[in-house]
Amino acid sequence: MPESTQQPVSFLVVGGRVVDPASGRDEVADLLIVDGRISEVGPGIATAHPDVGQVEATGLLVTPGFVDLHTHLRTPGQSHKETIASGTAAAAAGGYTTIVQMPNTQPPFDTPDRLIGATHHAQNEGIIRVLTAGTITVDRAGHEVAPIAELVAAGAVAISDDGDFVDDALVMHAAYELAAQVGVPVSQHCESPALVNSGFAHLGDVSRQLGIPGRPASGEDAAVARDIALADITGGHAHLQHLSSAGAVMLVRAARARGIHVTAEVTPHHLILTDQALLSPRDNHPYDTLAKCNPPLRTALDVAACVEALADGTIDAIATDHAPHAANEKQTTLEAAPPGMIGLETAFSIGLQLVA
């Protein structure tokens, strides 16, 4: 077979501030891209390649692609909210090159076949790399542990019943043991159902002002404490999703000091917004349903604790919990509106605002 005579496709990204924590690089430099891969990085590279097309990046940041640990692509079963194509396009626009899709779909990714199908669908329809989390329990019902080893063999990078806390401690003990055996984290939505009851805003001044049921921070704190204990007992890896309370932050900090395998994430909205965001009137209501999420937006004290924990490494990552809904689903009462906020396209600018 004759060798291909096709010339490589090359271009330069010129004059940007290249920031790469892995290599310790933070400098104004050029990048030479050849066939979709970075070939050279350094100052003055453009002068050595005068015939190569250029993308001007002066005054801009050039970074490695971001990874989101927590994205809802809503496929299958809820494509009126989001699709693989629209979700991955939003991620790419926000600087992400890899995202982890959560399994609270219809049906959920609780069998190897479903998980493989979801991953293949994402690879075919998406424009970035999509990894997949399998469920903790069968049908996300919280009663029976899913086939975790088989899900991991099929490609699951974590297990999660995200959106629901698995309340049964015996079920979770078994899940942590099985996850530890195959080396994946248990990515848990930590809010105790008995304590948060049917609340749909942080229990505090704002919920009382609006006269609505509240979700107390103690519901998050109790759930976090339970899962830390299970990780300690089993030697498993507890990854705690979207921390939002100062109490939960304290528990994670103490657990890490004791050497328990605990990691945590925080969302962009829990780093900049408080429950006061609910008080903006919208759609003829005295509140803003766009600010409804689980766990809820909390107080300025909680926000400050999350920012401090992210800065000192107690919280490992900003994860978007990108949870899109159709516009008409949010245009209703606060009680009826589904919880969730979008974040893929705005996460980096919010994080940069905190740095500034």
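So, a few notes on the structure that sits alongside this text. (Residues numbered from 1 in each chain as written. Predicted model: local features only at pLDDT ≥ 70, side-chain atom pairs only at ≥ 80, totals over all residues. Heavy atoms only, no water.)

**Some details on the packing of helix α5 (residues 169-182) against helix α8 (residues 217-234)**
Orientation of α5 relative to α8, taken along the N-to-C sense of each, is 45 degrees, at an axis distance of 9 Å. The pairing of α5 with α8 is recorded here as oblique in orientation. Taken as a pair, α5 and α8 cross one another with a handedness that is right-handed. Contacts between α5 and α8 involve Ala169, Met172, His173, Tyr176 and Glu177 from the former and Arg226, Asp227, Leu230, Ala231, Ile233 and Thr234 from the latter. Each residue belonging to the contact of α5 with α8 can be placed in one class, and the counts come to six nonpolar, two polar and three charged. (Axes fitted to C-alpha atoms, helices over the stretch in contact; angles between N-to-C directions. Helix = DSSP H or I, 4+ residues; strand = E, 2+ residues; numbered from the N terminus. Parallel < 35°, antiparallel > 145°, perpendicular 65-115°, else oblique. Left-handed = near helix turned anticlockwise from the far one by under 90°. Contact = heavy atoms within 4.5 Å. Nonpolar A, V, L, I, M, F, W, Y, C, P; charged D, E, K, R; others polar.)

**With respect to the pairing of strand β8 (residues 129-132)**
Burial along β8 is one-sided: the face carrying Val130 and Thr132 is buried and the face carrying Arg129 and Leu131 is not. With four bridges joining them, strand β7 (residues 96-101) and β8 adopt parallel strand pairing. Paired with threonine 98 across the bridge in β8 is arginine 129. (Buried < 20%, exposed > 50% of the residue type's maximum accessible area, 1.4 Å probe, protein only. Pairing = 2+ DSSP bridges.)

**Things to note about the environment of alanine 29**
Tracing the backbone through its elements, the reader meets alanine 29 in strand β2 (residues 25-34). Through-space distance from the C-alpha of alanine 29 to that of arginine 129 is 27 Å; in sequence the pair is 100 residues apart. Setting aside its immediate chain neighbours within four residues, alanine 29 contacts Val13, Val14, Gly15, Gly16, Val18, Gly42 and Pro43.

**Things to note about the sheet that holds strand β10 (residues 238-240)**
With parallel pairing, four strands are arranged side by side in an open sheet as β9-β10-β11-β12. This sheet does not close on itself; its edge strands, each paired only once, are β9 (186-188) and β12 (317-318). Alignment of strand β11 (residues 262-266) against β12, held across two bridges, turns out to be parallel. Bridging from a neighbouring strand, glutamate 265 pairs with alanine 317 of β12.

**Here's the deal with the pattern of salt bridges**
Considering all chains together, one arrives at 14 salt bridges under this definition. In this structure, aspartate 26 engages arginine 17 in a salt bridge whose closest nitrogen and oxygen atoms are separated by 2.8 Å. Given the relative accessible area of 45%, aspartate 26 is considered partly exposed. On the basis of relative accessible area, arginine 17 is assigned to the partly exposed category, the value being 42%. Its salt-bridge partner being arginine 253, residue aspartate 312 comes within 2.9 Å of it at the nearest N-O pair. Placement of the pair is aspartate 312 in helix α11 (residues 300-312) and arginine 253 in helix α9 (residues 246-257), with a sequence separation of 59 residues. The exposure class assigned to aspartate 312 is partly exposed, which follows from its relative accessible area of 42%. (Salt bridge = Lys/Arg side-chain N within 4 Å of Asp/Glu carboxyl O.)

**Some words on helix α2 (residues 84-93)**
Helical geometry: 3.6 residues make up each α-helical turn, so side chains three or four residues apart lie on a common side. Buried within α2 we find Ile84, Gly87, Thr88, Ala90 and Ala91. Relative to the axis of α2, the buried residues are bounded by an arc of 155 degrees and lie together on one face. Lining the buried residues of α2 we find β7, α3 (112-125) and β8. (Arc of directions from axis to C-beta.)

**A few points about the side chain of threonine 71**
Here threonine 71 lies in strand β6 (residues 66-71). A polar atom in the side chain of threonine 71 sits 2.5 Å from the side chain of aspartate 68. Here threonine 71 is in contact with Ile99, Val100, Gln101, Met102, Thr320, His322 and Leu344, once residues within four sequence places are set aside. (Polar contact = N/O pair within 3.5 Å; in protein donor to acceptor, adjacent residues only side chain to side chain.)

**Considerations on the pairing of strand β1 (residues 10-20)**
Sheet topology places β1 next to β2; nine bridges connect them, and they run antiparallel. Counted as the bridge partner of serine 10 is valine 34 from β2. Connecting β1 to the next strand, β2, in antiparallel fashion are four residues, including glycine 24 with a positive phi near 75 degrees. One ladder, built from three bridges, connects β1 with strand β4 (residues 54-56); its direction is parallel. In the strand pairing of β4, leucine 12 is matched with glutamine 54. Relative to strand β5 (residues 61-62), β1 runs parallel, the two being bridged by two bridges.

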